[in-house]
Amino acid sequence: MTKKVLIADDEPNIVVSLEFLMERNGYVVKVANNGEDALKCVAEFVPDLILLDVMMPHMSGYDVCQKIRENPAWQNIKIIMLTAKGREVEVTKGIALGADAYVTKPFSTKELTAKVREILGE
Amino acid sequence: MITPGIKGQQLVAVFLLGCLFFNYPLLSLFNQSGTVFGVPVLYAYLFLAWGVVIGLLALVIERR
Amino acid sequence: MLQGWVIILISGAYLGVLFAIAYYGDKRADAGRSIIANPYIYSLSLAVYATAWTFYGSVGRAASNGVGFLPIYIGPTLMMALWWVVMRKIIRISKMNRITSLADFIASRYGKSALLGGLVTIIAVVGIVPYISLQLKAISNSFEIIKSDNLEIIRAGQLGTVPILGDTAFYVAMLLATFSILFGTRHLDASERHEGLVAAIAFESLVKLLAFLAVGVFVTFGIYNGFGDLFGRAADHPKLAQLLNPFGGAAGSFASWAWLTFLSMLAIMFLPRQFQIAVVENVDENHLSKAMWLFPLYMLAINVFVLPIAFGGVMHFSNAPVDPDTFVLTLPMAERQEWLALLVYIGGLSAATGMVIVETIALSTMVCNDLVMPVLLRMKGLRLNESPDLSGLLLGIRRWAIVSILLLGYLYFRLAGEAYALVAIGLISFAAVAQFGPPIIGGIFWKGGTRMGALAGLSAGFAVWAYTLLLPSFAKSGWLPLSFIEQGPFGIALLKPLQLFGLEGLDQITHSLLWSMLANVGTFVTVSLVGHESAVEHSQASLFVDVFKRGGDTSGVHLWRGTASVEDLQALLGRFLGPERAHEAFVAYAQRRGALMPQHLEPDADMVHFAETQLAGAIGGASARIMVASVVKEEELTIEEVMGMLDEASQIIAYSHQLQQKSRELEEATAELRAANERLKELDRLKDDFVSTVSHELRTPLTSIRAFSEILHDNPGLDAGERGKFLNIIIKESERLTRLINQVLDLAKLESGKAEWHVSELDVREVIEDCINATSQLFRERNVRLETHLPAAVPLIVADRDRLVQVVINLLSNAVKFCNPKDGRVAISLHRHPDSLQVDVKDNGPGIGARDQVVIFEKFRQAGDNLTEKPQGTGLGLPISRQIVEHFGGRLWVESEPGKGATFSFTLPLAASRAGAAGAAAEKAA
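Every value quoted in this text rests on a predicted model; they were computed, and no experiment measured them. (Residues numbered from 1 in each chain as written. Chains lettered and ligands numbered in written order. Predicted model: local features only at pLDDT ≥ 70, side-chain atom pairs only at ≥ 80, totals over all residues. Heavy atoms only, no water.)

Asks: I would appreciate a short explanation of the interface of chain C and chain A in the present structure.
Replies: Accessible area lost upon the coming together of the parts serves often as the stated size of an interface. Across the contact, 28 residues belong to chain C and 25 residues belong to chain A. A combined buried area of about 2400 Å² lies between chain C and chain A, and 57% of that area is made up of carbon and sulfur atoms. Applying the counting criterion to the chain C and chain A interface returns 2 salt bridges. The salt bridge partner of C:R736 is A:E11, with a shortest N-O separation of 2.7 Å. The interface formed by chain C and chain A holds 5 residue pairs in polar contact (both at pLDDT 80 or more) in total. Every element with two or more residues in the side of chain C that touches chain A is listed here: α29 (639–714) and α30 (720–752) of chain C. In terms of residue count, the dominant contributor to the side of chain C that touches chain A is α29(C) (15 residues). Taken together, the residues that form the side of chain C that touches chain A break down as 8 nonpolar, 9 polar and 11 charged. (Contact = heavy atoms within 4.5 Å. Buried area = accessible area lost by both parts, 1.4 Å probe. Salt bridge = Lys/Arg side-chain N within 4 Å of Asp/Glu carboxyl O. Polar contact = N/O pair within 3.5 Å; in protein donor to acceptor, adjacent residues only side chain to side chain. Helix = DSSP H or I, 4+ residues; strand = E, 2+ residues; numbered from the N terminus. Nonpolar A, V, L, I, M, F, W, Y, C, P; charged D, E, K, R; others polar.)

Asks: What's the story with the sheet that holds strand β2 (residues 28–32) of chain A in this structure? I'm lost.
Replies: All names here are of chain A. With respect to topology, 5 strands assemble into an open sheet ordered β2-β1-β3-β4-β5, the strand pairing being parallel. Because the sheet does not close on itself, it has two edges, and the strands there are β2 and β5 (101–104). Neighbour-to-neighbour, the strand axes of the sheet open up by a mean angle of 20°, direction not taken into account. Pairing geometry for strand β3 (residues 49–53) and strand β4 (residues 78–83), over 5 bridges, is parallel. Counted as the bridge partner of D53 is L82 from β4. Most of the contacts of helix α3 (residues 61–70) go to β4, to which it runs at about 170°, and overall it touches β3, β4 and β5. (Pairing = 2+ DSSP bridges. Axes fitted to C-alpha atoms, helices over the stretch in contact; angles between N-to-C directions.)

Asks: Honestly, the sheet that holds strand β9 (residues 902–909) of chain C in this entry has me stumped. Any pointers?
Replies: Whether parallel or antiparallel, the strands of a sheet pair through hydrogen bonds between backbone atoms. Residue and element names in this part refer to chain C. Taken in spatial order, the 5 strands line up as β4-β6-β7-β9-β8 in an open sheet, and their pairing is mixed. One side of each edge strand has no neighbouring strand; the edge strands of this open sheet are β4 (785–789) and β8 (891–896). Across the sheet, the mean angle separating the axes of adjacent strands is 15° when strand polarity is ignored. Alignment of β4 against strand β6 (residues 825–832), held across 5 bridges, turns out to be parallel. Opposite H789, over in β6, you have S829 as the bridge partner. Its contacts with the sheet place helix α32 (residues 801–818) against β4, β6, β7 (836–843), β8 and β9, and it is angled at close to 170° to β9.

Asks: Please explain the pattern of salt bridges as it appears in this structure.
Replies: Opposite charge on two side chains allows them to pair when their charged atoms are near. All names here are of chain A. Within this structure, the stated rule accounts for 18 salt bridges over all chains. Where D100 meets R69, a salt bridge forms, and the shortest distance between an N and an O atom there is 3.1 Å. Note that D100 is positioned in the loop between α4 (88–96) and β5 and R69 in helix α3, a separation of 31 residues in sequence. Taking the relative accessible area as the measure of exposure, R69 reaches 18% and is therefore buried. One salt-bridge network, held together by shared partners, links D9, D53 and K105. (Buried < 20%, exposed > 50% of the residue type's maximum accessible area, 1.4 Å probe, protein only.)

Asks: Would you mind going over the side chain of C:Q274 with me for this structure?
Replies: All names here are of chain C. Relative to the assigned elements, Q274 resides in helix α13 (residues 272–280). Overall, Q274 belongs to the buried group, its relative accessible area being 0%. Among the polar contacts listed, one links the side chain of Q274 to the backbone oxygen of L46, at a separation of 3.4 Å. In this structure, Q274 is in contact with L46, V48, Y49, A267, I268, M269 and V279, ignoring residues within four places of it in sequence.

Asks: Would you mind showing me how to read the nonpolar core here?
Replies: What tends to happen in soluble globular proteins is that the nonpolar side chains get buried as a cluster. Counting residues in each nonpolar core, the largest one holds 202 residues, and the members touching the most others are C:W83, C:I90, C:F311 and C:F436. Among the nonpolar cores identified, the runner-up in size contains 47 residues, and C:L762, C:V764, C:V807 and C:L830 belong to it. (Core = buried A, V, L, I, M, F, W, Y, C linked by side-chain atoms within 4.5 Å.)

Asks: Help me understand the interface of chain C and chain B in this model?
Replies: Contacts between chain C and chain B engage 36 residues on the former and 30 residues on the latter. Summed over both partners, the interface of chain C with chain B buries about 3000 Å², with 80% contributed by carbon and sulfur atoms. Seen at the junction of chain C and chain B, the total is 1 salt bridge. Note that C:K290 and B:E62 form a salt bridge whose closest N and O atoms lie 3.2 Å from each other. For the side of chain C that touches chain B, the secondary-structure elements that each account for two or more residues are α4 (71–83), α11 (226–236), α12 (254–270), α14 (287–303) and α15 (306–316) of chain C. Of the residues forming the side of chain C that touches chain B, the biggest block, 9 residues, is contributed by α14(C). Partitioning the side of chain C that touches chain B into residue classes produces 29 nonpolar, 6 polar and 1 charged.

Asks: What is the right way to read the confidence of the model for chain B from this model?
Replies: Low pLDDT means the predicted atomic positions in that stretch should not be read closely. Mean pLDDT over chain B works out to 83, with 92% of the residues at or above the 70 mark. When the elements of chain B are averaged for pLDDT, strand β1 (residues 35–36) of chain B gives the smallest value, 78, and helix α3 (residues 41–62) of chain B the largest, 90. (pLDDT = per-residue confidence, 0-100.)

Asks: Just to check I follow, could you spell out the packing of aromatic side chains for this structure?
Replies: Centre distance and the angle of the planes are the two values used to describe a pair of aromatic rings. Taken as a whole, this structure holds 36 aromatic pairs over all chains when the rule is applied. For the pair B:Y43 and C:F311, a centre-to-centre distance of 6.2 Å together with 50° between the ring planes defines the contact as tilted. Here the residue B:Y43 occupies a position in helix α3, and C:F311 occupies one in helix α15, the pair thus bridging two chains. Each of the two residues, B:Y43 as well as C:F311, counts as buried. Taken together, B:Y43, C:F221, C:F227, C:F231, C:F305 and C:F311 form an aromatic cluster joined through their ring pairs. Note that A:K4 overlies the ring of A:F45, its terminal NZ or CZ placed 5.3 Å from the centroid. (Phe/Tyr/Trp six-rings, centres within 6.5 Å; stacked < 30°, edge-to-face > 60°. Lys NZ or Arg CZ within 6 Å of the ring centre and 35° of its normal.)

Asks: Explain the packing of helix α6 (residues 102–109) of chain C against helix α20 (residues 437–445) of chain C to me, please; I cannot follow it from the model alone.
Replies: Helix packing for two helices is described by the angle between their axes and how far apart those axes are. Residue and element names in this part refer to chain C. Across the interface, α6 lies against α20 with an axial gap of 10 Å and an inter-helix angle of 45°. Accordingly, the angle class assigned to the pair α6 and α20 is oblique. Here the hand of the crossing between α6 and α20 comes out left-handed. Every residue of α20 that contacts α6 at L102, F105, I106 and R109 is listed here: P439, I440, G443 and I444. Along the lines of polarity and charge, the residues of the contact of α6 with α20 split into 6 nonpolar, 1 polar and 1 charged. (Parallel < 35°, antiparallel > 145°, perpendicular 65-115°, else oblique. Left-handed = near helix turned anticlockwise from the far one by under 90°.)

Asks: Help me out: how do you make sense of helix α5 (residues 109–119) of chain A in this one?
Replies: Since the α-helix advances by 3.6 residues per turn, residues separated by three or four positions end up pointing in the same direction. All names here are of chain A. Turning to α5, its buried residues are T109, L112, T113, V116 and I119. One face of α5 carries all of its buried residues, which in axial projection span an arc of 130°. Residues of α5 that are exposed and point over 90 degrees away from its buried face: K110, E111 and E118. Directly beyond the C-terminal end of α5, a positive phi value near 70° is found at G121. (Arc of directions from axis to C-beta.)

Asks: Got a minute to help me understand the confidence of the model for chain A in this structure?
Replies: Per-residue confidence for chain A averages 86 on the pLDDT scale, and 98% of its residues sit at or above 70. Here α4(A) stands out as the least confident element of chain A, with mean pLDDT 76; strand β1 (residues 4–8) of chain A is the most confident, with 92.

Asks: For this particular structure, what's the right way to read a nonpolar patch on the surface?
Replies: Taken together, C:F490, C:I492, C:L494, C:L495 and C:F501 make up a surface patch of nonpolar side chains, about 550 Å² in accessible area. A relative accessible area of 39% means that C:I492 is categorised as partly exposed. (Patch = residues over 30% accessible without salt bridge, like charges linked within 9 Å, V, L, I, M, F, W, Y side chains within 5 Å. Areas by Shrake-Rupley, 256 points an atom, 1.4 Å probe, with all protein chains shown as cover.)

Asks: Sorry if this is basic, but what is going on with the environment of B:V39 here?
Replies: Relative to the helices and strands, B:V39 is located in strand β2 (residues 39–40). Residue classification places B:V39 among the buried residues on the basis of a relative accessible area of 18%. Aside from chain neighbours lying at most four places away, what touches B:V39 is B:G34, B:A44, C:F227 and C:F231.

Asks: Can you help me understand the pairing of β9(C) in this one?
Replies: In regular strands, side chains alternate between the two faces of the sheet. All names here are of chain C. Counting buried residues in β9 gives 8 out of 8 residues, a clear majority hidden from the surface. Burial along β9 is two-sided: A902, F904, F906 and L908 and T903, S905, T907 and P909, pointing in opposite directions, are all buried. Examined bridge by bridge, β7 and β9 share 7 bridges and lie antiparallel to one another. Among the inter-strand pairings, S836 is bridged to a residue of β9, identified as P909. Where β8 lies against β9, 6 bridges are found, and the strand directions are antiparallel. Bridge pairing links S896 to A902 in β9.

This is the structure in structure tokens:
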């Protein structure tokens, strides 16, 4: 079955690139432009994996991650956090909040797709 | 509103006043013959002082 | 006169009414709609203090010594003032520990000591039985008088010839026992309250007051012509004249007056019936307040007519041998007022029955819980520990106790009833219960009082009391040789019971009270100070003394450690309260602690404490402790551990107190510190933020560039459209990156003062027009209208032209970006001030909140939350602009109200006024 990926980022050009990469790898893709949107999409679309940017308007990626992990029904959704802030503290915080992996921007497209595959267990 | 602490202190004061009223030497002042409105002085004094103490108690307790 | 059967019928009817009231009160209580839950009923029920002794005896005492009877009622009035401090505390302690009697109170305070509880019970019974017999005597005397129309009192000698089965008093005793049993021991209640009974007692208080007032009015205004007439005639009476100023004579010394006052102050608290009504039956602690003045008022009212009746009686019966104790009844009878006499008889009946019923119930609780049960529980042979339901046994013991106490009273009445006048017997009882004063008062205010101290003090006081009051009364009754009083035991004069150690000149009661109090207090304090207390004593002492500090929180510290099981505890409770009530109690407890069923709870110290207090309500603190100990494995705590636990608790309390007191100054100091710290941290954070933000801002375009470069590289087969689109993104993002890098460097240069400035004299009007031209494309694209308000000519200023253009363009492009997207309007204007020029750029956008008006001038910060709001643009334009304007000695600021657009303004000083500015002057010269 085709896996579903939700892209949550507010930077339009990065969204375009991620969308392209994920579709090229055969995933069904949906895009959210801010944190609140992302949560709504999680509820409706129920993705297998989220590419979640940390710095988004209205609700940060950390908050989105926390909300998802609070809901028992969403325990199986994989989360990859994306951030342009690459400091150790932020990585630790993301993992502590229940993210499965943490990718710093700019990322290598190959490594990102490989990580997505790995986390989805393919 | 009076706090319980202040109320307690006022009541203790009433108590001390009562002790004064109903003891020597104040009592000895009234231990004599003579009448007020036909009532012997001592009895008049005792009941009056008693009434005053009760009045003070009521005042302290009922005042908000 | 009235027929015997009429009187019996009316007596019966009256008791029937009492039954009805009590029954109704109990029914209402069961339905949860208490009729006694108000301060007036509480005050009236406290008037159980006024017994037949008051009703008949006061007049008797007044007839012989004038005002001598008054201290017995003035004392309680004075004590009432202290109730706020003392009684409120006793009530609170009793409610928190489910204390149900005096004996229980003292036993609980001193380490739940069964021995102490037993001793208190014995003192109470021995002290009170004569008092009960006094009531029986009053009832039977008044009955005989009103029936026989014989105004002379029936002497004990005559009574002795009456067979018991023909003696009214015997039937009275049995009737009262029945009433007490019916309403005092109907069922076992953990709180030991009897609402119906209290209602009946309150009613009786009303009846006796009305009856007494009726006689008083009748004597004063019916037989005589008011107070003046009555007292006037008394002054001429040879016997009464001396009673008008009786001190030093008939009323005894001022000292004995004072001691009597003191004695009755203790009695109003520590007579078992007063404790029962004031503490155990108390529904609401707040009722105390009103009772504190209503009850003294009752005392005053019932005493107003005592002297008139006494004097009236003495004058009326000056030639007849009528006992003054019966004046209340005999005066109306002598005047042929049958119905008034009947009312008086009923009033006296009220006074006596009320006292007897409450007193026997209070005593039976004590006898059962503190005397019989501890003994039974210790007798292993009875196997009480294995019996499944003991509630029946408990009730049985109490019923038998009631009957026994009343029989004892009757016996005393038969044997010794005539030894003293009514008042004397009453005072002997008062002196006995006064012995409870030191251990209770000391116990609630002094943590140092110990079990041994209380035991020794009580024993000593009781012994002295018995020696100086009880034994002499026996001697006067002929049970002991009179020489015991007159020469002292074995002829030792120093030990004469009425002049102990040669102390003479005091009346008996004062004498006894002085010595017994000295012995009691002295021993209590000395033994307490010398000895040391056990762990449980220490914990109980602290629980009692600090009851208010603990703020009513019983679930706080439990000085207990061990293991228990819920089933065992519930079964234990079931054996005494009945399984059903125990189950209910446990379920309610579990729900209070947030569990559905008790089984879901951990059987911890709190639960053991709960079970013990429930049990204490039924069988007393000391027995409850024994029973609970039999089903739980308690680990002995050492005194050090208890002290530790208490210290912890009291430290917490002390800390919170200190915190409350000092919170304000602490908060102030903390706030200052916090502010200073915040400023430092803010600076630190800004620096940190800047690096992090720059990194973020640079990485974002870089991400797109890298991603699309890789995509293009890895996907050579992409169609032309897509390739173009991706390449376009790469170019756009590269431009963004370049711009960003330039601005960051620019700002860094400006901030470090390394920027190059090309200063010249400028016409600001011209500069603005250039900027408008440069941005006209932008305005057209966004379809935004621009208004310009420029004066024809303005003075020149000195500045860097390119930099100034940078500022104006930044402000204009911001205005375009943020103005109303549908009907965009921007206005730029130039004004002249005396020594400066001001440029305003106004937009019609959403405006900027007050908080953000500061934020927007910080680096990388735009309106909205920095963390989550994506900046439109680099977020460096305004900080750079401000740096530039300030470099030339001007100011850049914003004025805005949310919803009404924003106006960015900056000023630049005119060339002339800036002549002194070093930089410009130097450059101009160059």
